[in-house]
Amino acid sequence: MSATLLVAIGAGIAVLTGIGAGLGIGKATSSAVDAIARQPEASGKISSSLLLGCALAEATAIYGFVIALLIILLLK
């Protein structure tokens, strides 16, 4: 196997963190909408917790993307 192929495979695996982040954000949003529908008076607290959780999940996806870029750029 050539080194270029291994770099491409490594970068592809690193970018897969976006799938996990997307699933996590979708599940969190679904649960938050459910909770707001049950208790509309708590929507402020629920929304702030949702935004914090989504930011952390999105940061994970961004880290995976950065690692993929570093793999491509530094191992070529």
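Residues numbered from 1 in each chain as written. Predicted model: local features only at pLDDT ≥ 70, side-chain atom pairs only at ≥ 80, totals over all residues. Heavy atoms only, no water.

Another point: the UniProt feature "transmembrane region" (unreviewed entry) in the protein chain. If you check UniProt for "transmembrane region" (unreviewed entry), the listed places come out as residues 48–75 in our numbering. Span residues 48–75 is 96% helix and 0% strand, its end C-alpha atoms 40 Å apart. (UniProt positions renumbered as here; feature names shortened; annotations may be inferred. Helix = DSSP H or I, 4+ residues; strand = E, 2+ residues; numbered from the N terminus.)

What follows deals with a nonpolar patch on the surface. Taken together, the side chains of Val15, Ile62, Phe65, Val66, Ile67, Leu69, Leu70, Ile72, Leu73, Leu74 and Leu75 make up a nonpolar region of the molecular surface, amounting to roughly 1,000 Å² of accessible area. If one sorts the elements of the nonpolar patch by residue count, helix α3 (residues 43–74) sits on top with nine residues. Along the chain, Ile67 turns up in helix α3. With relative accessibility at 43%, the residue Ile67 sits in the partly exposed group. (Patch = residues over 30% accessible without salt bridge, like charges linked within 9 Å, V, L, I, M, F, W, Y side chains within 5 Å. Areas by Shrake-Rupley, 256 points an atom, 1.4 Å probe, with all protein chains shown as cover. Salt bridge = Lys/Arg side-chain N within 4 Å of Asp/Glu carboxyl O. Buried < 20%, exposed > 50% of the residue type's maximum accessible area, 1.4 Å probe, protein only.)

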